[in-house]
Amino acid sequence: MGTLRKPNELNITFIPTELVAETLLPLSIQERKELILNHALLIDVTHIADEDLHTAYKYGKIISSIAPAYFQYQIAQDNQNSSILELDIQSELIRSKTEKFADNFIEWLKADFQKKSAILEHHPNPRNLFELCGAKLLVTSNSVTRSLSTKMGVLWEEIANISSYVIIPEFEFGIKIKGIDIIILAEETIKFAQLKTLKGTLTGSQTNRAKK
């Protein structure tokens, strides 16, 4: 990968000692989060007119300063043993995650169907055509599809997080950056991105947020 860019090359002039990778990594996720939140309060956002972006900017600034050393550590750890990026190891890890996801979702689906069936039995007045016909499965199908989509979004993040060249802010630091799912080290450049299964899956309600 070559030499990673130093923090000052990312326009970060000072990194507090407690925010370096060596200090953060032994901490719990909650402790990392508290440190980041405390230092985020010190970042000036007066030059950003849109208040909705203030928090995202602060988090992005802090994580940009942390990320180079964080990636270096992850890559060094991976290189000590058989790399998780080797095809057979990577495939096995992905298989394990997808099988666990499928088992958990099927169990959730059974419980959800039983719960909604019980609700329908105790509320005989139909609210739609499906309930009028007693089509219990169709009543729940729309919500199941939405739930599957949401839960699979987390699965994609878990699969991406296998790589030592990826940081998921929510997994590592317990924080969410508006419009950002994943941080990637690509060609010695740190990139903030959304994680989508297809190019055209950005919904209309997310368009303005993504542009910001």
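Note that the structure is predicted; figures quoted are calculated from it, not measured.

## Looking at the nonpolar core
Phase 1: One finds L19, I36, I66, Y70, F71, I167 and F173 to be the most contacted residues of the largest nonpolar core, which totals 25 residues.
Phase 2: The set of elements that each furnish at least two residues to this core consists of α1 (21–24), α2 (29–40), α3 (54–80) and β2 (182–186).
Phase 3: Looking at this core element by element, the count peaks at 9 residues for α3.
Phase 4: In this view, L19 contacts L24, L35, I36, H39, I62 and I66; residues no more than four positions away in its chain are not counted.
Phase 5: With 5 residues, the next largest nonpolar core counts V166, I168, I182 and A193 among its residues.

## Looking at the pairing of strand β3 (residues 189–193)
Along any regular strand, the residues point their side chains to alternate faces of the sheet.
Phase 1: When β2 meets β3, the two strands line up antiparallel, connected through 5 bridges. Residue I183 lies in a different strand from β3, and its bridge partner there is F192.
Phase 2: Hairpin connection of β2 to β3: 2 residues between the antiparallel strands, including E187 at a positive phi of 55°.

## Some remarks on the packing of aromatic side chains
Phase 1: Scanning the entire structure with this criterion turns up 3 aromatic pairs.
Phase 2: Centroid distance F101 to F105: 6.1 Å. Interplanar angle 15°. Geometry classified as stacked. With F101 and F105 both in helix α4 (residues 87–122) and 4 residues apart, the pair spans about one turn of that helix. Accessibility assignment for this pair places F101 and F105 in one class, buried.
Phase 3: Cluster of aromatic residues (ring-pair linked, three or more members): F101, F105 and W108.
Phase 4: The ring centre of W108 lies 5.0 Å from the NZ or CZ of K151, which sits over that ring.

## Description of the packing of α2 against α3
Phase 1: Across the interface, α2 lies against α3 with an axial gap of 9 Å and an inter-helix angle of 125°. Here α3 runs oblique to α2, going by the angle between their axes. The hand of the α2/α3 crossing is right-handed. Residues R32, I36, L37, H39 and A40 of α2 form the contact with α3, whose participating residues are K58, Y59, I62, I66 and Y70.
Phase 2: Of the residues in the contact of α2 with α3, the class split is 7 nonpolar, 1 polar and 2 charged.

## What about the pairing of β2?
Phase 1: With 2 bridges connecting them, strand β1 (residues 166–167) and β2 associate as antiparallel partners. Counted as the bridge partner of I167 is I183 from β2.

## Re the environment of A102
Phase 1: Positionally, A102 belongs in helix α4.
Phase 2: Judged by relative accessible area, which is 35%, A102 ranks as partly exposed.

## Quick look at the sheet that holds β3
Phase 1: The 3 strands lie next to each other as β1-β2-β3, forming an open sheet whose pairing is antiparallel. Of all the strands in the sheet, just β1 and β3 have a single pairing partner and so form its edges.

## What about unusual backbone geometry?
Phase 1: Backbone geometry at E187 places phi at a positive 55°, although glycine is not the residue there.
Phase 2: By secondary structure assignment, the location of E187 is in the loop between β2 and β3.
Phase 3: In this structure, E188 takes a positive phi of about 65° despite not being glycine.
Phase 4: Relative to the elements of secondary structure, E188 occurs in the loop between β2 and β3.

Definitions and limits used
Residues numbered from 1 in each chain as written. Predicted model: local features only at pLDDT ≥ 70, side-chain atom pairs only at ≥ 80, totals over all residues. Heavy atoms only, no water. Core = buried A, V, L, I, M, F, W, Y, C linked by side-chain atoms within 4.5 Å. Buried < 20%, exposed > 50% of the residue type's maximum accessible area, 1.4 Å probe, protein only. Helix = DSSP H or I, 4+ residues; strand = E, 2+ residues; numbered from the N terminus. Contact = heavy atoms within 4.5 Å. Pairing = 2+ DSSP bridges. Phe/Tyr/Trp six-rings, centres within 6.5 Å; stacked < 30°, edge-to-face > 60°. Lys NZ or Arg CZ within 6 Å of the ring centre and 35° of its normal. Axes fitted to C-alpha atoms, helices over the stretch in contact; angles between N-to-C directions. Parallel < 35°, antiparallel > 145°, perpendicular 65-115°, else oblique. Left-handed = near helix turned anticlockwise from the far one by under 90°. Nonpolar A, V, L, I, M, F, W, Y, C, P; charged D, E, K, R; others polar.

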